Amino acid sequence: MARRIDVTGTGGVRLAAWEFGDPPKTDPAQDVRDGHGAHDGHTAPEGSPGVLLLHGLMGRASHWAYTARWLSARYRAVALDQRGHGRSDKPPQGAFTRDAYVDDAEAALEQLGLARVVLIGHAMGALTAWQLAAKRPDLVRGLIICDMRASALGAASQREWGQWFKSWPLPFATLADVRKWFGEDDPWVERPNPARGEFYAEVMAESPDGWRPVFEPEQMLRSRETWVYDAHWEELAQVRCPALVVRGLDGELGRAEAQEMVRVLPRGQYAEVADAGHLVHYDQPEAWRAAIEPFLDSLGDH
């Protein structure tokens, strides 16, 4: 199960971190959503190396439940609800800059005593991870980047996202409606994708008029605009620890760009997961594990 630990991010923002133990008897994602649960069974011994998992835009810590559970046998595995996401604070006038996200992750590492840590990030969380690894090499001993581009996405991409948010048929009457829309009916879905439907069902909460996202779409756009106009190759080149770039074959990170990222990283490696889209770790959890476990083994336990 997952045990909640509150940490304080930059500007005093309260962040919910979730420390995972052995596979629980109930659905771990539900434990995270409901805020319940404690360690159950065997976990990594005291003093084990730490892993910090950072979700992508609109995600939450529970999306890492499968990964965090198997990691917890060997590592102190913690997933963070980043600002504006999950159970963490969503300050209306708060900062949603790159610096804020990176500083939050840095503060979490220090307050939780996780350093020297392996950072595992998906999408926006991967960018946060490599920016932190570049900024604080003393805190990070390994880095896994999951399906995040280093190139600038541009203004058109940001406009498309704004239009996409407006297309959501909010509120959803039921979670089944959420799963169907994001898994089948969303214009961005090329073919039925049940995993995508489940992913978005996990970030919905029941309100008096139906089901709505636990985040504010406007804050998500504010978060996104701080990276889409810029390229991030310079920070990649500053990452000194071993780093693994993982892409889904049907994801948003193309093979050529992924391999260029590996070339730019001083100690970069490459892996890909077949039959996976952007939500690599969620689409194909077993194949994702097979892709990253050899890299983790190569780092050792210290």
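Residues numbered from 1 in each chain as written. Predicted model: local features only at pLDDT ≥ 70, side-chain atom pairs only at ≥ 80, totals over all residues. Heavy atoms only, no water.

Details of the overall build of the chain
Argument step 1. When helices and strands are counted, the chain shows twelve helices and ten strands.
Argument step 2. For 302 residues, the compact-globule estimate of 2.2 N^0.38 gives 19 Å, and the C-alpha radius of gyration of the chain, at 18 Å, lies within 12% of that figure.
Argument step 3. If you line up the chain on its principal axes, its C-alpha atoms span 50 × 45 × 40 Å.
Argument step 4. The buried share among the 302 residues of the chain stands at 56%.
Argument step 5. For the chain, the proportion of contacts with a sequence separation of at least 24, taken over those separated by at least 6, is 72%.
Argument step 6. Summed over all atoms, the accessible surface of the chain reaches about 12400 Å², with 49% contributed by carbon and sulfur.
Argument step 7. Across the chain, the mean location of the 33 positive side-chain charges is 2 Å away from that of the 44 negative side-chain charges. (Helix = DSSP H or I, 4+ residues; strand = E, 2+ residues; numbered from the N terminus. Rg over C-alpha atoms; globule rule 2.2 N^0.38 Å. Buried < 20%, exposed > 50% of the residue type's maximum accessible area, 1.4 Å probe, protein only. Contact = heavy atoms within 4.5 Å. Areas by Shrake-Rupley, 256 points an atom, 1.4 Å probe, with all protein chains shown as cover. Lys, Arg positive; Asp, Glu negative; His and termini not counted. Charge placed at Lys NZ, Arg CZ, Asp CG, Glu CD.)

Points about the pattern of salt bridges
Argument step 1. Across all of its chains, the model carries 23 salt bridges by this definition.
Argument step 2. A salt bridge links Asp6 to Arg4; the shortest N-O distance between them is 2.8 Å.
Argument step 3. Residue Asp6 is classed as partly exposed on the basis of its relative accessible area, which comes to 44%.
Argument step 4. Of the charged contacts, one joins Arg149 and Glu257 as a salt bridge, the two residues approaching to 2.9 Å between their closest N and O atoms. A residue pair is termed long-range when its members are at least 10 positions apart, and Arg149 in the loop between β6 (140-146) and α5 (155-167) and Glu257 in helix α10 (residues 255-264) qualify at 108 residues.
Argument step 5. On the accessibility criterion, Arg149 (31% relative accessible area) is partly exposed.
Argument step 6. Note on Glu257: relative accessible area 13%, which makes it buried.
Argument step 7. Among the ionic contacts, a cluster of salt bridges with common partners joins Asp103, Glu106, Glu110, Lys135, Arg136 and Asp138. (Salt bridge = Lys/Arg side-chain N within 4 Å of Asp/Glu carboxyl O.)

Points about the confidence of the model for the chain
Argument step 1. When the pLDDT values of the chain are averaged, the result is 92; 91% of them are 70 or greater.
Argument step 2. Between residues 23-42, whose pLDDT stays under 50, and residues either more than four places distant or in other chains, the model counts 41 contacts. (pLDDT = per-residue confidence, 0-100.)

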